[in-house]
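What the coordinates show
This is what each chain is made of:
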Amino acid sequence: MRQWRKPVELSPLETWRIPNSAGVYVLLEDAAKLGSVLKIAPARSLRETFERELAPDLAAPAQPRAMMYF
């Protein structure tokens, strides 16, 4: 049975924890607050999406700090 994984901090050191498979991800403003959802979306590669989110988007009003995935 598939289940949501605990939030992973957006850090290059944590990239190894993210699988290189398709799935659904949630970007969080705060890893400790599951209600701080910024975005929910599908991904063809969770790892590539994680790596893309490491670069800050200065135009965004809030920056993600963690990612959960299914």
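Being a predicted model, the structure only gives us computed values, none of them experimental. (Residues numbered from 1 in each chain as written. Predicted model: local features only at pLDDT ≥ 70, side-chain atom pairs only at ≥ 80, totals over all residues. Heavy atoms only, no water.)

**As for the nonpolar core**
- Counting residues in hydrophobic clusters, the biggest one holds 11 residues: Val8, Leu10, Ile18, Tyr25, Leu27, Ala41, Ala43, Leu46, Phe50, Met67 and Tyr69.
- Among the elements of the structure, strand E2 (23–28), strand E3 (37–43), helix H1 (46–53) and strand E4 (66–69) are those that each provide at least two residues to this core.
- Apart from residues lying up to four places away in sequence, Phe50 is in contact with Val8, Glu9, Leu10, Ser11, Glu14, Thr15, Ile18 and Met67.
- Residues Val26, Leu28, Ala31 and Ala66 belong to the second largest nonpolar core, which totals 5 residues. (Core = buried A, V, L, I, M, F, W, Y, C linked by side-chain atoms within 4.5 Å. Buried < 20%, exposed > 50% of the residue type's maximum accessible area, 1.4 Å probe, protein only. Helix = DSSP H or I, 4+ residues; strand = E, 2+ residues; numbered from the N terminus. Contact = heavy atoms within 4.5 Å.)

**Some remarks on the pattern of salt bridges**
- Evaluated as defined, the whole model comprises 1 salt bridge.
- For the salt bridge of Arg17 with Glu14, the shortest nitrogen-to-oxygen distance reads 3.1 Å. (Salt bridge = Lys/Arg side-chain N within 4 Å of Asp/Glu carboxyl O.)

**Brief notes about the environment of Val24**
- Inspection of the secondary structure assignment puts Val24 in strand E2.
- Along the chain, Val24 and Phe70 lie 46 residues apart, while their C-alpha atoms are 5.3 Å from each other.

**Observations concerning the packing of aromatic side chains**
- If you walk through the whole model with that rule in mind, you get 1 aromatic pair.
- The interplanar angle of 50° and the centroid separation of 5.6 Å between the aromatic rings of Trp4 and Phe70 together place this pair among those described as tilted. Remark: Phe70 occurs in the segment after E4 and Trp4 occurs in the segment before strand E1 (8–9); sequence separation between them is 66 residues.
- For Phe70, a relative accessible area of 30% translates into the label partly exposed. (Phe/Tyr/Trp six-rings, centres within 6.5 Å; stacked < 30°, edge-to-face > 60°.)

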